[in-house]
Amino acid sequence: MKTMKNRTLMKKLLLNKYIHFCLFAFGGLFIGWLFFHTSRKVEEKHELTVQDGKTTIWTCAMHPQIRRDAAGKCPICGMDLIPLNQNVADVDPNAIHLTKEAAQLANVLTSVVTRQQPVKEVRLYGKIQADERLLQSQVAQIPGRIEKLLVNFTGETVKKGQTLALIYSPELVTAQQELLEAAKTKQTEPEIYEAAKEKLRLWKLTETQITAIENSASVQTKFDVVSTMSGIVTSRRVNNGDYVSQGTVLYDLVDLSTLWVMFDAYESDLPFLKTGDNLDFTVQAIPGETYSGKIIFIDPVVDPVTRVSKVRVEINNRSGKLKPEMFATGIVQANLTEFKDKLVIPRSAVLWTGKRSIVYVKQPGTNEPVFKIREIGLGPMLGSSYIVTDGLAEGEEIVTQGTFSVDAAAQLEGKPSMMNPIGGKVSSMPGMNMPGDNKTSDSKGASEKGKSTDAKTKDAKSMPGMNMPADKKPDDKQDHSPVQKQASIANTGQSRKQLVQNEMFTVSGNCEMCKDRIEKAAKSVNGVKSAIWDIKTNKIQVEFDPGKTDLSEIQRTIAKAGHDTGKFKADDKIYARLPACCHYRAKDEGRKTKEIIINQLILKIMKTKSMMLVVGLLFFSMTTIFANEAKTEKIKVYGNCGMCKSRIEEAAKSVKGVTKAKWDDADAMLTVTFDDTKTSVTKIEEAVSKVGHDTDHTKTADKTYDALPGCCKYERPVNK
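Rules behind the numbers
Residues numbered from 1 in each chain as written. Predicted model: local features only at pLDDT ≥ 70, side-chain atom pairs only at ≥ 80, totals over all residues. Heavy atoms only, no water. Phe/Tyr/Trp six-rings, centres within 6.5 Å; stacked < 30°, edge-to-face > 60°. Helix = DSSP H or I, 4+ residues; strand = E, 2+ residues; numbered from the N terminus. Lys NZ or Arg CZ within 6 Å of the ring centre and 35° of its normal. Buried < 20%, exposed > 50% of the residue type's maximum accessible area, 1.4 Å probe, protein only. Pairing = 2+ DSSP bridges. Salt bridge = Lys/Arg side-chain N within 4 Å of Asp/Glu carboxyl O. Core = buried A, V, L, I, M, F, W, Y, C linked by side-chain atoms within 4.5 Å. Contact = heavy atoms within 4.5 Å. pLDDT = per-residue confidence, 0-100. Axes fitted to C-alpha atoms, helices over the stretch in contact; angles between N-to-C directions. Left-handed = near helix turned anticlockwise from the far one by under 90°. Nonpolar A, V, L, I, M, F, W, Y, C, P; charged D, E, K, R; others polar. Patch = residues over 30% accessible without salt bridge, like charges linked within 9 Å, V, L, I, M, F, W, Y side chains within 5 Å. Areas by Shrake-Rupley, 256 points an atom, 1.4 Å probe, with all protein chains shown as cover. Polar contact = N/O pair within 3.5 Å; in protein donor to acceptor, adjacent residues only side chain to side chain. Expected span 1.5 Å × (residues − 1). Lys, Arg positive; Asp, Glu negative; His and termini not counted.

J.: Report on the packing of aromatic side chains, specifying residues and quantitative values.
T.: Within this structure, the stated rule accounts for 5 aromatic pairs. Between Y638 and Y714, the aromatic rings sit 6.4 Å apart at their centres with planes inclined by 20 degrees, giving stacked as the arrangement. Of this pair, Y638 sits in the loop between β29 (631-636) and α17 (642-653) while Y714 is found in the segment after α19 (702-706), placing the two residues 76 residues apart along the sequence. Through a chain of ring-to-ring contacts, the aromatic side chains of F263, F281 and Y291 assemble into a single cluster. Above the face of the Y193 ring, K186 is positioned so that its terminal group lies 5.5 Å from the ring centre. Positioned over the ring face of Y638 is K636, at 5.8 Å from the centre of the ring.

J.: Outline the pairing of strand β28 (residues 539-544), supporting the account with residue identities and numerical values.
T.: Only one face of β28 is buried: it carries I540, V542 and F544, and the other face, with K539, Q541 and E543, is open. Bridging between strand β26 (residues 501-506) and β28 involves 6 bridges; their strand directions are antiparallel. Residue pairing across strands places Q501 opposite F544, the latter belonging to β28. As paired strands, strand β27 (residues 528-534) and β28 are joined by 6 bridges and run antiparallel to one another. Across the sheet, the residue bridging to W533 is I540, located in β28. Hairpin connection of β27 to β28: 4 residues between the antiparallel strands, including N538 at a positive phi of 55 degrees.

J.: How would you explain the sheet that holds strand β13 (residues 243-244) if you had to name every residue and give the values?
T.: The strand order across the open sheet formed by 4 strands is β11-β10-β8-β13, and the pairing between neighbours is antiparallel. The sheet is open, and its two edges are formed by β11 (222-226) and β13, each paired on a single side. Of the pairings in the sheet, the one linking strand β10 (residues 163-168) to β11 comprises 5 bridges and is antiparallel in character. When the bridges of β11 are listed, Y168 appears paired with K222.

J.: Can you lay out the pattern of salt bridges for me, pointing to particular residues and giving the numbers?
T.: Applying the stated rule across the entire model yields 28 salt bridges. One salt bridge connects D252 with R237, and the closest N-O pair in it is separated by 2.6 Å. Residue D252 is located in strand β14 (residues 249-254), and its partner R237 is located in the loop between β12 (231-236) and β13; the two are separated by 15 residues in the primary sequence. Judged by relative accessible area, D252 falls into the buried class, the value being 12%. The salt bridge partner of K645 is E649, with a shortest N-O separation of 2.9 Å.

J.: Summarise the nonpolar core; cite the residues concerned and give the values.
T.: Counting residues in hydrophobic clusters, the biggest one holds 30 residues, and the most contacted among them are L200, L205, L250 and Y251. Mapped by element, the contributors of at least two residues to this core are β8 (144-149), β10, α5 (170-184), α6 (190-202), α7 (207-216), β11 and β14. Looking at this core, the element that brings in the most residues is α5, giving 5 residues. Not counting residues within four places of it along the chain, the set of residues in contact with L205 comprises L172, L200, I210, I213 and F223.

J.: Go over the confidence of the model for the protein, please, and point to the residues and values.
T.: Low-confidence regions, as indicated by low pLDDT, have predicted coordinates that should not be scrutinised in detail. Looking at the protein, the pLDDT average stands at 78 and 74% of residues meet or exceed 70. In the model, residues 427-498 has pLDDT below 50 throughout and makes 50 contacts with residues more than four positions away in sequence or in other chains. Across residues 623-628, confidence stays below pLDDT 50; counting only partners more than four residues off in sequence or on other chains, it has 6 contacts.

J.: Can you tell me about the packing of α5 against α7, naming the residues and giving the values?
T.: Across the interface, α5 lies against α7 with an axial gap of 10 Å and an inter-helix angle of 65 degrees. Crossing hand, α5 versus α7: right-handed. Contacts from Q176, L179, L180 and A183 in α5 reach I210, I213 and E214 in α7. Grouping the amino acids of the contact of α5 with α7 by side-chain chemistry returns 5 nonpolar, 1 polar and 1 charged.

J.: Help me get a handle on a nonpolar patch on the surface, residues and values and all.
T.: Judged by side-chain polarity, M62, M79 and L105 come together as a nonpolar surface patch covering roughly 270 Å² of accessible area. Position of L105 relative to the elements: it lies in helix α4 (residues 100-105).

J.: Go over the sheet that holds β26 with me, naming the residues and quoting the values.
T.: Reading across from one edge, β26-β28-β27 is the order of the 3 strands in this open sheet, with antiparallel pairing throughout. This sheet does not close on itself; its edge strands, each paired only once, are β26 and β27. Put simply, the sheet's adjacent strands are angled 15 degrees from each other on average, direction ignored. Contacts between helix α12 (residues 512-523) and the sheet are confined to β27 and β28, with β27 contributing the most and set at about 160 degrees to the helix.

J.: Tell me about the side chain of T565, and name the residues and values.
T.: Relative to the helices and strands, T565 is located in the loop between α13 (551-560) and α14 (572-576). Relative accessible area serves as the criterion here: at 12%, T565 is assigned to the buried category. One polar contact links T565 to Q555, side chain to side chain, over a distance of 3.2 Å. What T565 contacts, discounting residues up to four positions off in sequence, is F505, T506, V507, Q555 and I558.

J.: Give a detailed account of α17, specifying residues and quantitative values.
T.: Each α-helix winds once per 3.6 residues, and so residues spaced three or four apart point in a common direction. Between its first and last C-alpha atoms α17 spans 17 Å; for 12 residues at 1.5 Å apiece the expected length is 16 Å, and the two agree. Turning to α17, its buried residues are C644, R647, I648, E649, A651 and A652. The inward-facing, buried residues of α17 abut β30 (658-664), β31 (669-674) and α18 (681-690).

J.: Now, about the side chain of D407: what can you tell me, with residues and values included?
T.: With respect to the element layout, D407 can be found in helix α8 (residues 403-413). Buried charge without a partner: D407 forms no salt bridge, and the closest opposite charge is R356, 7.4 Å away. Reaching out from D407, the side chain makes a polar contact with the side chain of Y360 at a distance of 2.7 Å. Of the polar contacts made by the side chain of D407, one reaches the side chain of Q411; its length is 2.8 Å. The residues touching D407, leaving out its near neighbours within four places in the chain, are L351, Y360, S417 and M418.

J.: Could you give me a rundown of the pairing of strand β24 (residues 385-390), with the residues and numbers involved?
T.: Relative to β24, strand β20 (residues 342-346) is paired through 4 bridges, and the arrangement is antiparallel. Bridged to L343 within β24 is V388. Bridge count for strand β23 (residues 370-382) against β24 is 4 bridges, and the pairing is antiparallel. Counterpart to L378 in the pairing with β24 is V388.

As structure tokens, then:
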């Protein structure tokens, strides 16, 4: 019975929803404890490690001079500070110590210094030329007349023994006759016979030719000019029918089977070149093919103008691919025997200041990137490397990439660097202390912040007027004495007087002459820096010193020149003396009069209530009347005399709608009055140009202008 009661009680408990919630909560807590529980032993071990270790110093990967005793942001670049590895052996105080992360970010790479056989690559530029030893002139051996040229143009290929031309020589004809006569008595008078033959030999006739003349017993009138070499004709000096004397040059020949390549060697390259060196060169015209040759001659004299010496290479050209005057690029691998087994370092490792050559050497005995600057001596440059004469030893490790980054870190930390060999921080702007510049705050941490702030305040005072917000203290008191206020007001007034003021106002005018007159008048005022008047908007912009003049004085001066402003009106006498093209009042006053009349009529009509219905019609009628009123314009028309005046005015009046036309020969301006609903200025200008007179927008036909009388020939505009 008791067991049944226990079972019933258990069932009730299991079916209770609150009991279910409690079980789920305890189960979740238990599972979380299993996964995320940390043993007490590990915590104790960690605590012991922290207690046994040294205080962690935090630094910046990009600015290793920053030293803080707590994590945070770099005051220079804003990057997160990283813990500094302090398990580093003692290093030279002048050395720069970078973290491994900073060296990786700056891409700093090192290499070991080794001894090498130095080979300098000398690059030369030049051109292909003909071998001077293979140039020859083909001359006439006998005097006479050129009967026929068998080689007629430059560039033709000839072979040795080929007949180049035929010559008729009267002297040779006489010599042949003498030979034939002497041959008859050669038995009795052999001396005369031999003399006749010798005369022919002197004219370069061969024994075969002399024997043929003697056997034929007849005189030859034409003789062959035979080529003495094979080659290319570079010049033809004679034509058919020319008379030549003995020794006259007929052709210039050159043999291109062997060529010279003449390179230009600068003074700095000559010490590395010598006769017999191999030279590989390429030709721009034949890409992909490399030629080789030996240096056979180096010009002993340097050209005083180009400062180069010629280097000659001889090349075989049996294939005929190479042509004279082709450009060539040569490379000589010069072995520097005098620098044999010297140290060679990459060019990127050297920082050269003009007087000093320095490198950064990694300090031995440490695996950390610790470098120290060292000055070295350099020999010749070998393309992308240098020969080291002194300052380094074999096996030392130097920075070969990222040298500038290491030098920049040394400058920031105040260590000896390229531009500061002694070391120490140099401030280019005294009083401007940037974050991180103060060693006290960086090295000692937050405990020295108060002293650092005082140092910054003192430094800031070295630059008067440069009060940074951080330099002010909350309890700073400012002096507001009357003397100080007066000085402040005086300084403010002085600075305002030195300011330049810009203003814009309206000035009436019409043309370019008005523009020139208005601007000159404004600039004549003392204190005006510049003045520009816009012909479209009738606005002038002036720049002036308010301490020397004011806006009223400028407007008054412009009005005295004859142009109305918004404040002053020009005198009527001065306005009347302006050229006709500059008269602007008639147009403005007519327009204003129209507006006044219309406004008065509208007011009268509006006062009468019985006329309210006809206001719209009357307004429309009045607007149409004034809109159709005759319009007056001025047109530039070119002409000279009274005949021109009559012709221009008649042409203008012939246009439908034109009521008046008057041309003034003084300023060449045509004043026309017309109905703008029937015609326009463009039509009037076209009508005037048809009778032979140019305007600013239309040009008359040349035939029409040429038909004008002589007195009417005006100077035509250049741009038309």
